[in-house]
Amino acid sequence: MISAVIFDLDGVLVSTDEYHYLAWKQMAKDEGIVFNREINEALRGVSRMDSLDIVLSHAVKEYTLEEKKMLAKKKNEIYVKLIHTLQPKDMLPGAKKTIEALKAAGIKIAIGSSSKNTPAILEQIELTDYFDAIADGNNITKSKPDPEVFLLAAHLLNKTPEECLVIEDAQSGLEAAISAGMLVLGVGSASSSLQATIRAKSLKDISVLDWINQRNR
Ligand code: B16
Ligand code: MG
């Protein structure tokens, strides 16, 4: 029986993915490193330092650990400035309605995000109080595709993996959910992935509650 839903944040509830892209692009440009949307796809759901390694794999020179830390800091400063103006109206279509319907039906909901900026983003879009649990980049050691963030979310909700449905937009997130032993709804960039249990272009194109109710019958 599915009795909990774990939402990825970036690319599922809010389109911060575009800001991540712009921040990496600026950082790469300043360093003279090739960066484009195709490379950016590989960064979805991946932690800041792991993302940096992917970006730097296109550089001609080697970077020391200290230099890498500086670059990650610089990227994050650009990103934080960009997300400063985020508002509730910036939530992705169908996100708020999905959350409200699940809560009204007594389904537990959690966040499972790789982002260390999760608390600030949730505050800005005024969603913090909706969630029964928050697992994010601040309380995990291994980034997606490792299942740690979803297993932590399930643990905080007091649910088994079999009771959880994950909603994800990233390949790394799909893999994380599957290795956690959870069902997964692929949206956005993951909306055509055959690895997903179900697919939808966005949360406005599916009733997650109806799907859960049918599945539980
Ligand atoms: P930060 P998610 C992920 O969020 C993003 O998709 C990924 O692009 C980013 O590198 C990662 O968070 C870390 O973010 O630099 O803010 O800690 O999709 O797991 O919600
Ligand atoms: Mg995501």
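Further up the page is the structure itself.
Numbering of residues starts from 1 in each chain and follows the order in which that chain's sequence is written. Each chain is given a letter, starting from A, and each ligand a number, starting from 1, according to the order in which they appear as written. Two thresholds apply to this predicted model, a pLDDT of at least 70 for residue-level local features and 80 or more for giving and counting side-chain atom pairs, whereas whole-chain, interface and lining totals are computed over all residues. Side-chain descriptors were evaluated using all non-hydrogen atoms of the structure, hydrogens and water having been removed beforehand.

**Student:** Can you walk me through the sheet that holds strand S3 (residues 133-135) in this structure?
**Tutor:** By way of backbone hydrogen bonds, the strands of a sheet pair with one another, either parallel or antiparallel. Pairing between strands is defined by DSSP: at least two bridges between the two strands are required. Helix numbers and strand numbers start at the N terminus; a helix is a DSSP run of H or I with at least 4 residues, a strand a run of E with at least 2. Reading across from one edge, S3-S2-S1-S4-S5-S6 is the order of the six strands in this open sheet, with parallel pairing throughout. Across the chains shown, the open sheet's two edge strands, defined by having one partner strand only, are S3 and strand S6 (198-199). Direction of pairing for strand S4 (residues 164-168) relative to strand S5 (residues 183-186): parallel, over a ladder of four bridges. Across the sheet, Ile 167 pairs through a bridge with Leu 185, a residue of S5. This element, helix H8 (residues 171-180), spans S4 and S5 of the sheet and lies at about 165 degrees to S5. Note on definitions: a residue-residue contact is assigned when non-hydrogen atoms from the two residues lie within 4.5 Å. Note on geometry: axes are lines fitted to C-alpha atoms, helical ones only across the stretch in contact, with angles between N-to-C directions running from 0 to 180 degrees.

**Student:** How should I be thinking about the coordination of the magnesium ion (ligand 2) in this particular structure?
**Tutor:** Between any two of four tetrahedral donors, the ideal angle at the metal is 109.5 degrees; between two of six octahedral donors, it is 90 or 180 degrees. In this analysis a donor is any N, O or S atom within 2.8 Å of a metal ion (3.2 Å for sodium, potassium and calcium), and since water is not included, sites may seem incomplete. Protein coordination at the magnesium ion (ligand 2) comes from Asp 8 (OD), Asp 10 (O) and Asp 169 (OD), with a distance range of 2.0 to 2.1 Å. Exposed residues in this analysis have more than 50% of their type's maximum accessible area, buried residues have under 20%, and partly exposed residues fall in between, with area computed by a 1.4 Å probe over protein chains only. Overall, Asp 169 belongs to the buried group, its relative accessible area being 3%.

**Student:** Before we go on, may I ask you to explain the site of ligand 1 in this structure?
**Tutor:** Lining the immediate surroundings of ligand 1 are 18 residues, of which Asp 10, Val 46, Ser 113, Ser 115 and Lys 116 lie closest. A distance of 2.7 Å separates an oxygen atom of ligand 1 from a polar atom in the backbone of Ser 114. Asn 117 is positioned with one of its side-chain polar atoms (N or O) 2.7 Å from an oxygen atom of ligand 1. Any residue with an atom within 4 Å of a point lines the site, the site being either a cavity, points on a 1 Å grid over the protein atoms alone where a 1.4 Å probe fits but cannot get out, or a pocket, an open set with protein on both sides within 12 Å along at least 5 of 7 lines. If over half the atoms of a molecule are within 2 Å of the grid points of a cavity or pocket, the molecule is regarded as sitting in it. Placement of ligand 1 is best described as lying within the largest pocket. Throughout, the edges of the domains are those of an automatic or database domain assignment. When residues of the shell around ligand 1 are assigned to domains, at least three map to each of domain 1 (4-14 + 88-216) and domain 2 (17-83). When at least one non-hydrogen atom of a residue lies within 4 Å of a molecule or strand, that residue is treated as near it. Contacts described as polar in this section are N or O atom pairs within 3.5 Å, which, within protein, must combine one atom able to donate a hydrogen with one able to accept it, while residues neighboring in sequence count only if both atoms come from side chains.

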